[in-house]
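# Per-entry structural report
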Amino acid sequence: MRKESPIRWDSEREAWDVFDYATSKMVLENKDLFSSDRSQKKADSEKTPLERSLIGIDPPKHTSMRALVNRAFTPKVMKHWKPRIARIATMLLDKIDPKSEVDIVEQLSYPLPVIVISEILGVPIEDQEKFKEWSDWVVAGPKDNKPETISALMEQQERVNKELFHYFKEMIALKRETPGEDIISVLLQAEEQGVTLTEDELIGFCILLLIAGNETTTNLISNAFYCFTEFPEAYERIKENPLATLPLTIEEVLRYRSPVQAMGRVVKEDMDLHGHSLKAGDFIVPWIGSANRDEQQFPNSQQFIIDRKPNLHLAFGKGIHFCLGAPLARLEAEVILEEWIKRFPSFKRAASFTLEPIESAFVYGLKEFKV
Ligand code: HEM
């Protein structure tokens, strides 16, 4: 597909699919030709806080909002979070019994990002269970008792959205009174310095962090563990010097088993692309997972090469919407993998293991991974 038909129209989904690296990068990067406002057919009042958040808007609004929220993800802020992430990783690893089977997803890669993001947002420990439930619901829909009709599902969704909205509204009021070191307080202080983020925008941003940062990071960590068992020779090399090898290894996991497989854009004006006529308003989907395996960009693209350089993968997107949480996701993966290797250098897949990816066309990860 990448060579013969880098772009094609899917009439069922009514969307253009893009498979090769060069075109995917161009679509993600080109904000003048491709919009991130995927809900542009809705009136502004009908849009959810998430649709109005950073990931769903274009410049000039995106530019000012991004400049503001960048403050919460600077290298200095990340340095501050590192020991706290290490503490959470240690707490999770302490619970592992080295003599029994461990489900990496349930015990490590799932809880770590949720706990980290709730600490970053300043969610009190006693609310973390509820917070985890909401987060799961928003990302993956209901686990049990799935509603039988679409309207019942939408009703439930509406209820969860409202609960989240009110939760953060109250949280913001609390942080205004008693600021802490969390992101909400940092952004409220920025607001006071004359740069504005409305309360709705701040709530939308909190919900976006919850959604954008959890399952993606879970999948990065699970996929890294899976790659370690898939490529034992590479793992032997990583074990010899984890500190030096892990940063590039994590980039290769992001490329080889990309947690986010696709991203959508809306075509802004009629154009010709690879001989196809695209119309303004058409939906277009660069397939990041496919672009990251493009031989034109990555020699030996089907091989897992832990010191691949350069490794200009698109796993975190490209251009103005490049993942805000990339430094945090990389840090979480590095901390937990390094600590795991120190404690349990040798491990193998459980005898009962079968590869079962989570059910999604857009994200890639494992439902469970017993070792
Ligand atoms: C944007 C992937 C972790 C917050 C994005 C985009 C991708 C992505 C592909 C680009 C979206 C677009 O172009 O439309 C990932 C992956 C992650 C990860 C693979 C983990 C391995 C995180 C974390 C956070 C986060 C931990 C925050 C806690 C965001 C935000 C945006 C974003 C706020 C929107 C940026 C903007 O529109 O300017 N992410 N993400 N992500 N990500 Fe991540």
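Now for a quick tour of the structure. (Residues numbered from 1 in each chain as written. Predicted model: local features only at pLDDT ≥ 70, side-chain atom pairs only at ≥ 80, totals over all residues. Heavy atoms only, no water.)

## Observations regarding the packing of helix α3 (residues 75-94) against helix α13 (residues 326-343)
To be explicit about the condition: Each axis is a line fitted through C-alpha atoms, taken for helices only over the stretch in contact, and angles between the N-to-C directions span 0 to 180 degrees. Starting at the N terminus, helices and strands are each numbered in turn, a helix being any DSSP run of H or I of at least four residues and a strand any DSSP run of E of at least two. If an angle is under 35 degrees, it is roughly parallel; if it is over 145, roughly antiparallel; if it lies from 65 to 115, roughly perpendicular; otherwise it is oblique. Crossing handedness is defined as follows: a turn of the near helix away from the far one that is anticlockwise and smaller than a right angle gives a left-handed crossing, while the clockwise case is right-handed. Whether two residues are in contact is decided by their heavy atoms: any pair within 4.5 Å suffices. Gly falls in the polar group here, along with every residue not listed as nonpolar (Ala, Val, Leu, Ile, Met, Phe, Trp, Tyr, Cys, Pro) or charged (Asp, Glu, Lys, Arg).
Contact pair α3 / α13: the axes reach a minimum separation of 9 Å and the direction vectors enclose 40°. The angle between α3 and α13 places the two elements in the oblique class. For the pair α3 and α13, the crossing hand works out as right-handed. Along the contact surface, α3 presents M78, K82, I85, A86, A89, T90, L93 and D94, while α13 presents P327, L328, L331, E332, V335, I336, E339, W340 and R343. In terms of residue class, the contact of α3 with α13 is made up of eleven nonpolar, one polar and five charged.

## Quick notes on empty space enclosed by the protein
Our working definition: Cavities and pockets were defined on a 1 Å grid built from protein atoms only: a cavity is a group of points that admits a 1.4 Å probe but offers it no way out, a pocket is an open group of points flanked by protein on both sides within 12 Å along at least five of seven lines, and a lining residue is one with an atom within 4 Å of any such point. Grid points are joined across faces, edges and corners, and a volume is the space filled by probe spheres set on the points.
In the structure shown here, the tally under the stated rule is one cavity of 30 Å³ or more. In this structure, the largest cavity occupies an estimated 30 Å³ of space. Lining the largest cavity we find L28, K31, F34, S35, S36, D58, R265, I320 and H321. Partitioning the lining of the largest cavity into residue classes produces three nonpolar, three polar and three charged.

## Description of the side chain of T249
Rules: Each residue's exposure class comes from its accessible area (1.4 Å probe, protein chains only) as a fraction of the maximum for that residue type: buried when under 20%, exposed when over 50%, partly exposed otherwise.
Its location among the elements puts T249 in helix α11 (residues 242-256). The exposure class assigned to T249 is buried, which follows from its relative accessible area of 1%.

Shape descriptors only; they carry no functional weight alone.
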